[in-house]
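Fold and contact review
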Amino acid sequence: MAFQTEKYLSLTQDLLKTKTHLVAVSKTKPIQDLEEAYKAGVRDFGENYVQELIQKEALLPKDIHWHFIGHLQSNKIKMIAPFVYLIHGVDSEKLLIEINKQGQKINRKIKCLLQIHIAKEETKFGLDQNELNEILQKYLLPNSSPLEFVEICGLMGMASFTVEDYIVDKEFNQLHQIFNETKHKLNYPTNFNILSMGMSNDYVIAIKNGSNLIRIGSALFGER
Ligand SMILES: *Cc1c(COP(=O)(O)O)cnc(C)c1O
């Protein structure tokens, strides 16, 4: 199935009302599908695999914002550091420090989101509350020592994979609260403004719970 242009256009109309931004998740899809999406107006693409992201970036127009939404391995940061627009899934302090190091090498401040574990599944990645607090204490709160080449722009999370909407609702609500509390604690002008949550099957619930960046794959590009 090709890119669903009609669906994309009507979705972007809906999103205007809630001021929600959209990342079109193009992982595993061929370059032709991304070109179609680009023609329809998509400028924010999300990819999960470093190799695939690099190949696509080289072939497509330079005004695209590339979002890395997968699980990032430390040794691959340097491959995307020069161009990546936003890294969504930062789930350890170690990774944050490594991103900072790679940013420093090329003198580029790299935008990141901290991934928070909200789902019931053990397998989903993300920081727990303690780990988040530790990072805030060290690098974000007033009187901490910020990492110079990392800009922490907000939080990202994935809800449980379930048909029970109330569970998803509860998890997104929890992340929204953590986001608001964190923003409140920072208490000085920052760019900590992004709450990335919601995918094809749960973005409506995510938006209801304050998401301002949804990551949509299969609903636009078809099943993988
Ligand atoms: C694949 C993926 C998406 C998109 O999922 P769909 O259900 O296809 O919309 C969003 N976020 C992350 C982190 C993903 O890995």
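Presented here is a report on the structure given in the accompanying data block. (Residues numbered from 1 in each chain as written. Predicted model: local features only at pLDDT ≥ 70, side-chain atom pairs only at ≥ 80, totals over all residues. Heavy atoms only, no water.)

1. Brief notes about the overall build of the protein chain
In terms of regular secondary structure, the protein chain is built from nine helices and eight strands. Relative to the 2.2 N^0.38 estimate, which gives 17 Å for 224 residues, the radius of gyration of the protein chain is 17 Å and therefore close to what a compact globule would have. Along the first, second and third principal axes, the C-alpha set of the protein chain runs to 50 × 45 × 35 Å. Looking at the protein chain as a whole, 50% of its 224 residues are labelled buried. Long-range contacts, defined here as pairs at least 24 residues apart, represent 59% of the contacts in the protein chain between residues at least 6 apart. Split by element, the accessible area of the protein chain, about 11500 Å² in all, is 52% carbon and sulfur. With 26 positive and 27 negative side-chain charges, the protein chain shows a spacing of 4 Å between the two charge centroids. (Helix = DSSP H or I, 4+ residues; strand = E, 2+ residues; numbered from the N terminus. Rg over C-alpha atoms; globule rule 2.2 N^0.38 Å. Buried < 20%, exposed > 50% of the residue type's maximum accessible area, 1.4 Å probe, protein only. Contact = heavy atoms within 4.5 Å. Areas by Shrake-Rupley, 256 points an atom, 1.4 Å probe, with all protein chains shown as cover. Lys, Arg positive; Asp, Glu negative; His and termini not counted. Charge placed at Lys NZ, Arg CZ, Asp CG, Glu CD.)

2. A word on the nonpolar core
Phe-45, Ile-80, Ile-87, Leu-96, Ile-99, Leu-114 and Leu-155 are the most contacted members of the largest nonpolar core, which has 63 residues in total. Sorting elements by how many residues they give to this core places helix 7 (residues 165–186) first, with six residues. Beyond its immediate stretch of four places on either side in the chain, Leu-96 contacts Val-90, Leu-114, Ile-135, Tyr-139, Leu-147, Val-150 and Ile-152. Listed in part, the six residues of the second largest apolar core include Leu-86, Leu-113, Cys-153 and Leu-213. (Core = buried A, V, L, I, M, F, W, Y, C linked by side-chain atoms within 4.5 Å.)

3. Overview of the packing of helix 6 (residues 129–140) against helix 7
For the pair helix 6 and helix 7, the least separation of the axes is 12 Å and the interaxial angle reads 20°. In this view, helix 6 runs roughly parallel relative to helix 7, as classed from their interaxial angle. Crossing hand, helix 6 versus helix 7: right-handed. Residues Gln-129, Leu-132, Asn-133, Leu-136 and Leu-140 of helix 6 touch helix 7, and the partners they reach there are Ile-178, Thr-182, Lys-185 and Leu-186. Grouping the amino acids of the contact of helix 6 with helix 7 by side-chain chemistry returns five nonpolar, three polar and one charged. (Axes fitted to C-alpha atoms, helices over the stretch in contact; angles between N-to-C directions. Parallel < 35°, antiparallel > 145°, perpendicular 65-115°, else oblique. Left-handed = near helix turned anticlockwise from the far one by under 90°. Nonpolar A, V, L, I, M, F, W, Y, C, P; charged D, E, K, R; others polar.)

4. Topic: the packing of helix 5 (residues 93–105) against helix 6
Two numbers describe how helix 5 lies on helix 6: the axes approach to 11 Å, and their chain directions differ by 30°. Considering the angle they form, helix 5 stands roughly parallel to helix 6. Of helix 6, the residues touching helix 5 (which contributes Glu-93, Leu-96 and Ile-97) are Glu-134, Ile-135, Lys-138 and Tyr-139. Here the contact of helix 5 with helix 6 is composed, by residue class, of four nonpolar, no polar and three charged.

5. Regarding the site of the ligand
If you check the shell around the ligand, you find 13 residues, and the closest are Lys-27, Asn-48, Ser-200, Gly-217 and Ser-218. Take Gly-217: an N or O atom from its main chain is 2.8 Å from an oxygen atom of the ligand. Within the side chain of Arg-224, one N or O atom sits 2.8 Å away from an oxygen atom of the ligand. For the ligand, the protein covers 92% of the area, taking 390 Å² as the surface of the free molecule. Contributing elements (two or more residues each) for the shell around the ligand: strand 6 (150–158) and strand 8 (213–216). Within the shell around the ligand, the residues separate by chemical class into six nonpolar, four polar and three charged. (Near = heavy atom within 4 Å. Polar contact = N/O pair within 3.5 Å; in protein donor to acceptor, adjacent residues only side chain to side chain.)

6. Some details on the packing of aromatic side chains
Across all of its chains, the model carries four aromatic pairs by this definition. Relative to Phe-221, the ring of Phe-3 has its centre 5.1 Å away and its plane inclined at 55°; by these criteria the two rings are tilted. A residue pair is termed long-range when its members are at least 10 positions apart, and Phe-3 in the segment before helix 1 (5–18) and Phe-221 in helix 9 (residues 218–221) qualify at 218 residues. As far as the burial class goes, Phe-3 and Phe-221 line up, both buried. Grouping aromatic residues by their ring pairs yields a cluster made of Phe-3, Tyr-8 and Phe-221. (Phe/Tyr/Trp six-rings, centres within 6.5 Å; stacked < 30°, edge-to-face > 60°.)

7. Re the state of the cysteines
A complete count under the given rule lists zero disulfides for this structure. The thiol of Cys-112 is not disulfide-bonded; the next cysteine sulfur, from Cys-153, is found 7.6 Å away. (Disulfide = S-S within 2.5 Å.)

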